[in-house]
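Chain by chain, the residues run as shown.
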Amino acid sequence: MNERETLASTSDSLFAELAELGTEDPRRKEVRDRLVSLYLPVARRIAARFRGRREPVSDLEQVASIGLIKAVERFDPSRGVTFLAYAIPTMMGEVRRYFRDSAWSVRLPRRLSELHLALGEASRELAQQLGSAPTPRQLAEHLQITVAEVQEGLEAGESYRAISLDNALSEGPESPIDRLGDEDPGMDLVEVRASLRPALEMIPDRERRILKMRFFEHMTQTQIATQLGLSQMHVSRLLARTLRTLREHMSETPETADSSAASNARRSSDAHSSQNARKGLPG
Amino acid sequence: MDDNLNPIIDTARGAGTSRVVVTIPPDPDRLELLRSVATALAVALDFDIDTLADLRMAVDELCSIAMKRARPDGDMCVHFETGDGAVSVLAEVPVSEPATVDENSFGWMVLQTLADSVAWAAHSGGAENQRLEVRLRMRRSQEPQ
């Protein structure tokens, strides 16, 4: 049996186990965590797919992992598709939404970044109204702009030079799927990020974004508020609460940011963070 | 976008079928142009924004697969076609040795999950005319009928 088949059969038996557990059974979480850990390398590969955009790969890995967790939670084996066929679009969708919603991360001319932001908001609103993703025409009507402008705005957030997954993964004789668990030298985390990472995964996306704007991009609260369409007071409140959460979490976490441990324990730290990401999900 | 592409793309709004052919060097820097063409055609077909984004990623992947195997001095030819609420993309490159696509590769698997159908074919027509083509088709909405 090759690694890919081993992966598939392990995950089949875990999903079968999950199906037998009642919805309230505490063991569900444990089985789901094992599934998440199992597929985490795939999430990492999805994240690597977007390398070359401005986002740090480690952030994208987190976003892709959240997609993976959602996929594990929603996957229904009785529908006859494999978990990977279900999980890959889910993870990619998550990364995509992250880009669509984070206009701030792309240095665009003001008009375009505003357009991009307006599209993000309108997409959310319309998606809620319609129950599905809107079309550019619907977005244009909603925002009273032309379809061409909508297209321009959508593309503005996505200018990146893509690296083929095939290209990125299949150098060498073995099948890339066999190497999914390999270390990626480009993904080592700096010490600060390594120590913050599990904690960061506990806080909601928007709060994490605000935190980054304030402390990694050195924006003022007013600038953040303007960009996110919130009041400065709201930003201030969210920041304070986020810092509190981080402090609490970090003081109760026995794990230290020892640099040698961080570089030696990539796998275990990934498994650990997947559990934390679970906690960070609503519901 | 090239001015001379616009009239061709515009016909997609009215007519049932339309076709755009783009010829470029097999250089990843040109992927953005290819994404834009696909997007323009799909927008005219009223694809929703999620399917649009899937299409863009699929075009990237498809064309990257072709580019990677292309003879560096040869031109890559990408045919876009719309009809029946679907966009089809065919990327064709000259290759210097018989080229194959590993259907077990992660890239191909991703392509299969993004697009409604994908296929590849190798054409051998003498040493000078060996070509590889990869193609995909995506319908307006991927939701179950």
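Structure shown above.
Residues numbered from 1 in each chain as written. Chains lettered and ligands numbered in written order. Predicted model: local features only at pLDDT ≥ 70, side-chain atom pairs only at ≥ 80, totals over all residues. Heavy atoms only, no water.

(A) The overall build of chain A, seen in detail. When you go through chain A residue by residue, the secondary structure sums to 14 helices and zero strands. Starting at the N terminus, the α and β elements of chain A follow one another as α-α-α-α-α-α-α-α-α-α-α-α-α-α. Split into buried and exposed, the 283 residues of chain A put 48% on the buried side. Taking the contacts inside chain A whose residues are at least 6 apart along the sequence as the reference set, 65% of them involve residues at least 24 apart. Carbon and sulfur atoms make up 50% of the accessible area of chain A, which amounts to about 14300 Å² in all. (Helix = DSSP H or I, 4+ residues; strand = E, 2+ residues; numbered from the N terminus. Buried < 20%, exposed > 50% of the residue type's maximum accessible area, 1.4 Å probe, protein only. Contact = heavy atoms within 4.5 Å. Areas by Shrake-Rupley, 256 points an atom, 1.4 Å probe, with all protein chains shown as cover.)

(B) Quick look at the pattern of salt bridges. Residue and element names in this part refer to chain A. Inspection of the entire model under this criterion finds 14 salt bridges over all chains. Notably, a salt bridge pairs Glu-94 with Lys-70, separated by 3.1 Å at the nearest N-O pair. One end of the pair, Glu-94, is in helix α4 (residues 83–101); the other, Lys-70, is in helix α3 (residues 57–74), and 24 residues separate them in sequence. Where Arg-206 meets Glu-207, a salt bridge forms, and the shortest distance between an N and an O atom there is 3.9 Å. The exposure class assigned to Arg-206 is partly exposed, which follows from its relative accessible area of 33%. We classify Glu-207 as buried; its relative accessible area is 5%. (Salt bridge = Lys/Arg side-chain N within 4 Å of Asp/Glu carboxyl O.)

(C) Examining the packing of helix α7 (residues 147–156) of chain A against helix α2 (residues 31–44) of chain B more closely. At a closest axis distance of 11 Å, the pairing of α7(A) and α2(B) adopts a crossing angle of 140°. Here α2(B) runs oblique to α7(A), going by the angle between their axes. Considering the relative orientation of α7(A) and α2(B), their crossing is right-handed. Residue-level inspection shows Val147(A), Gln151(A) and Glu155(A) of α7(A) in contact with α2(B), the latter providing Ser36(B), Thr39(B), Ala40(B) and Val43(B). When grouped by side-chain class, the residues that make up the contact of α7(A) with α2(B) number three nonpolar, three polar and one charged. (Axes fitted to C-alpha atoms, helices over the stretch in contact; angles between N-to-C directions. Parallel < 35°, antiparallel > 145°, perpendicular 65-115°, else oblique. Left-handed = near helix turned anticlockwise from the far one by under 90°. Nonpolar A, V, L, I, M, F, W, Y, C, P; charged D, E, K, R; others polar.)

(D) A look at the side chain of Thr135(A). Take Thr135(A): it is sitting in the loop between α5 (110–130) and α6 (136–143). Under the relative-accessibility criterion, Thr135(A) is labelled buried at 9%. Looking at Thr135(A), its side chain comes within polar contact range of the side chain of Asp46(B), at 3.2 Å. Apart from residues lying up to four places away in sequence, Thr135(A) is in contact with Asp46(B), Phe47(B), Asp48(B) and Ile49(B). (Polar contact = N/O pair within 3.5 Å; in protein donor to acceptor, adjacent residues only side chain to side chain.)

(E) Seen up close, the nonpolar core. Judged by nonpolar contacts, the single largest core of 85 residues is most densely connected at Ile46(A), Leu68(A), Phe83(A), Leu34(B), Met76(B), Phe80(B) and Leu136(B). Ranked by residues supplied to this core, first place goes to helix α3 (residues 49–69) of chain B with eleven residues. (Core = buried A, V, L, I, M, F, W, Y, C linked by side-chain atoms within 4.5 Å.)

(F) Inspection of the environment of Arg96(A) at higher detail. Note on placement: Arg96(A) falls in helix α4. A sequence separation of 46 residues divides Arg96(A) from Phe50(A), and the C-alpha atoms of the two residues are 9.5 Å apart.

(G) Main features of helix α1 (residues 3–20) of chain A. All names here are of chain A. Compared with an ideal rise of 1.5 Å per residue, which puts 18 residues at 26 Å, α1 spans 26 Å between its outermost C-alpha atoms and is within 8% of the ideal. What α1 keeps buried is the set Leu-7, Ser-11, Leu-14, Phe-15 and Leu-18. Viewed end-on, α1 has its buried residues packed into an arc of 100°, placing them on one side of the element. Of the exposed residues in α1, those oriented more than 90 degrees away from the buried face are Asp-12, Ala-19 and Glu-20. (Expected span 1.5 Å × (residues − 1). Arc of directions from axis to C-beta.)

(H) How the structure looks around the side chain of Thr39(B). Mapped onto the secondary structure, Thr39(B) falls in helix α2. Residues within four places of Thr39(B) in sequence aside, it is in contact with Gln151(A), Glu155(A), Leu52(B) and Arg56(B).

(I) The sheet that holds strand β2 (residues 76–83) of chain B, seen in detail. All names here are of chain B. With respect to topology, five strands assemble into an open sheet ordered β1-β2-β3-β5-β4, the strand pairing being antiparallel. Unpaired on one side and paired on the other, β1 (18–24) and β4 (117–123) mark the two borders of the sheet. Between one strand axis and the next, the sheet turns by 15° as a mean value, whatever way the strands run. Strands β1, β2 and β3 (86–94) of the sheet are contacted by α2, whose axis makes an angle of about 175° with β1. Across the face of the sheet, α3 comes into contact with β1, β2, β3 and β5 (131–139) while running at roughly 175° to β5. (Pairing = 2+ DSSP bridges.)

(J) Examining the packing of aromatic side chains more closely. Residue and element names in this part refer to chain A. Applying the stated criterion across every chain yields a total of five aromatic pairs over all chains. Look at Tyr-39 and Phe-83: their rings are 4.7 Å apart centre to centre, the planes differ by 55°, and that puts the pair in the tilted class. One end of the pair, Tyr-39, is in helix α2 (residues 27–49); the other, Phe-83, is in helix α4, and 44 residues separate them in sequence. Exposure remark for Phe-83: the relative accessible area of 4% places this residue in the buried category. Measuring from centroid to centroid gives 5.7 Å for Phe-75 and Tyr-86, while their planes differ by 45°, and the two rings are tilted. Remark: Tyr-86 occurs in helix α4 and Phe-75 occurs in the loop between α3 and α4; sequence separation between them is eleven residues. Cluster of aromatic residues (ring-pair linked, three or more members): Phe-15, Tyr-39, Phe-75, Phe-83 and Tyr-86. (Phe/Tyr/Trp six-rings, centres within 6.5 Å; stacked < 30°, edge-to-face > 60°.)

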